[in-house]
Amino acid sequence: MLSDYTAHSNCRGVRILDQQALKEQVAAAAVEHVANIYSNKLVLGIGTGSTAECFIRGLVGLRGRIETTVASSERSAVLLAELNIPVTDLNSVSELDAYIDGADEANESLALIKGGGAAHTREKIVAAVAKQFICIADESKWVETLGSFPLPVEVIPMARSYVARELVKLGGQPVWREGVVTDNGNIILDVHGLRITDPCKIETNINQLTGVVSNGLFAHRPADLLLLGTNSGVEERVASA
């Protein structure tokens, strides 16, 4: 049962969950999904961020079934190790049963914006190796059109100003996320003002800029399943036709 501080009632007496409670709810649903769908020896990719960390903590009960995990960030790897959940380098596995991660935005095609935690490049790599990509998010992340959340772009430091000028030509307003260095040793430009009606095209165009490592659009490799935490429970969504 949810503790008292995770929910309140509105003026009509309807129980309203706060965002942290929704994250914990959807993370628990993801743990249950993984436990029921996959084999006894689990090989999992693990994402980055607050919702992914809820999922990681929920994996403790499955520890005996986990052969290994691959983390998309140093932070997640440290948390897995602290919980005595085996973690290894991606080069040591050929395939993952599933990759589980959160998102900053998701649309009906299950294209995503990720990278609020500056880990989207590694997240893309891990997702590419997974048989299934399961996105876990609260309902505030569901949008009709991507772009309200600034699009993160990982850039080699010496290319920062050049890439910023090119992003302006694409219609964006890039802002350097000062003080942030990715696990790969690069910097992040957050692109504001984009209304992303064709996510695949934008993802490709930005990735083709010299000096860009990757951007936070997950459109060419969207999620396969979205578990969305809502006040009425966890909804399972697949990409619309």
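Calculation rules
Numbers given to residues run from 1 along each chain, matching the order in which its sequence is written. pLDDT decides what is reported in this predicted model: residues at 70 or higher carry local features, side-chain atom pairs at 80 or more are listed and counted, and totals for whole chains, interfaces and linings draw on all residues regardless. The side-chain values count all of the structure's non-hydrogen atoms but skip hydrogen atoms and water molecules. For the purposes of this entry, the term helix denotes a DSSP run of H or I that reaches at least four residues, the term strand denotes a run of E that reaches at least two, and both are numbered from the N terminus. Each residue's exposure class comes from its accessible area (1.4 Å probe, protein chains only) as a fraction of the maximum for that residue type: buried when under 20%, exposed when over 50%, partly exposed otherwise. A residue counts as positive if it is Lys or Arg and as negative if it is Asp or Glu; His and the chain ends are not included. We define a salt bridge as a side-chain nitrogen of Lys or Arg found within 4 Å of a carboxyl oxygen belonging to Asp or Glu. Pairs of N or O atoms are called polar contacts if they sit within 3.5 Å, as long as, within protein, a hydrogen donor faces a hydrogen acceptor (for residues adjacent in sequence, only side-chain-to-side-chain pairs). Two residues form a contact once any of their heavy atoms are found within 4.5 Å. Each patch is built from residues that are more than 30% exposed by relative accessible area and take part in no salt bridge. Like charges join if they lie within 9 Å; nonpolar side chains (Val, Leu, Ile, Met, Phe, Trp, Tyr) join within 5 Å. Methods summary: accessible areas were calculated by the Shrake-Rupley approach with a probe of 1.4 Å, and residue burial reflects only the protein chains presented. Planes of paired rings set the category: under 30 degrees apart is stacked, over 60 is edge-to-face and the rest tilted, where pairs are Phe, Tyr or Trp rings (Trp by its six-membered ring) whose centres lie within 6.5 Å.

A.B. asks: Talk me through the side chain of D104; I want residue IDs and the actual numbers.
C.D. replies: Looking at where D104 falls in the secondary structure, it is placed in the loop between β5 (98–101) and β6 (105–106). We note that D104 is buried and unpaired, the nearest opposite charge coming from K141 at a distance of 5.1 Å. A polar side-chain atom of D104 sits 3.0 Å from the main-chain amide nitrogen of G116. Once you skip the residues sitting within four places of it in the chain, D104 turns out to touch I113, K114, G115, G116, K141 and F149.

A.B. asks: For a nonpolar patch on the surface, give the residues involved together with the corresponding values.
C.D. replies: There is a patch of nonpolar side chains on the surface, built from I156, M158 and V213 and spanning about 310 Å² of accessible area. Note on placement: I156 falls in the loop between β9 (151–155) and α5 (160–169). For I156, a relative accessible area of 39% puts it in the partly exposed group.

A.B. asks: Mind laying out the packing of aromatic side chains, listing which residues take part and the relevant values?
C.D. replies: The geometry of an aromatic ring pair is captured by two quantities: the separation of the ring centres and the angle between the planes. A full pass over the atoms with the stated rule returns two aromatic pairs. Where Y99 meets F133, the ring centres are 5.3 Å apart and the plane angle is 45°; that geometry is what we call tilted. Placement of Y99 in strand β5 and of F133 in strand β8 (residues 133–138) is noted, with a sequence separation of 34 residues between them. By the ring-pair criterion, three or more aromatic residues cluster together here, those being Y99, F133 and F218.

A.B. asks: Just give me the short version of the environment of V213, but keep the residues and values in it.
C.D. replies: Considering the arrangement of structural elements, one finds V213 in strand β12 (residues 212–215). According to the relative accessible area criterion, V213 is partly exposed, its value standing at 34%. Placed 60 residues apart in sequence, V213 and V153 show a C-alpha to C-alpha distance of 7.6 Å. In this view, V213 contacts T121, E154, V155, I156 and N186; residues no more than four positions away in its chain are not counted.

A.B. asks: Explain unusual backbone geometry residue by residue, including any values.
C.D. replies: The residue N84 is not glycine, and still its phi comes out positive at about 60°. Position of N84 among the secondary structure elements: in the loop between α3 (74–82) and β5. In this structure, A118 takes a positive phi of about 65° despite not being glycine. Within the fold, A118 resides in the loop between β7 (112–113) and α4 (120–129).

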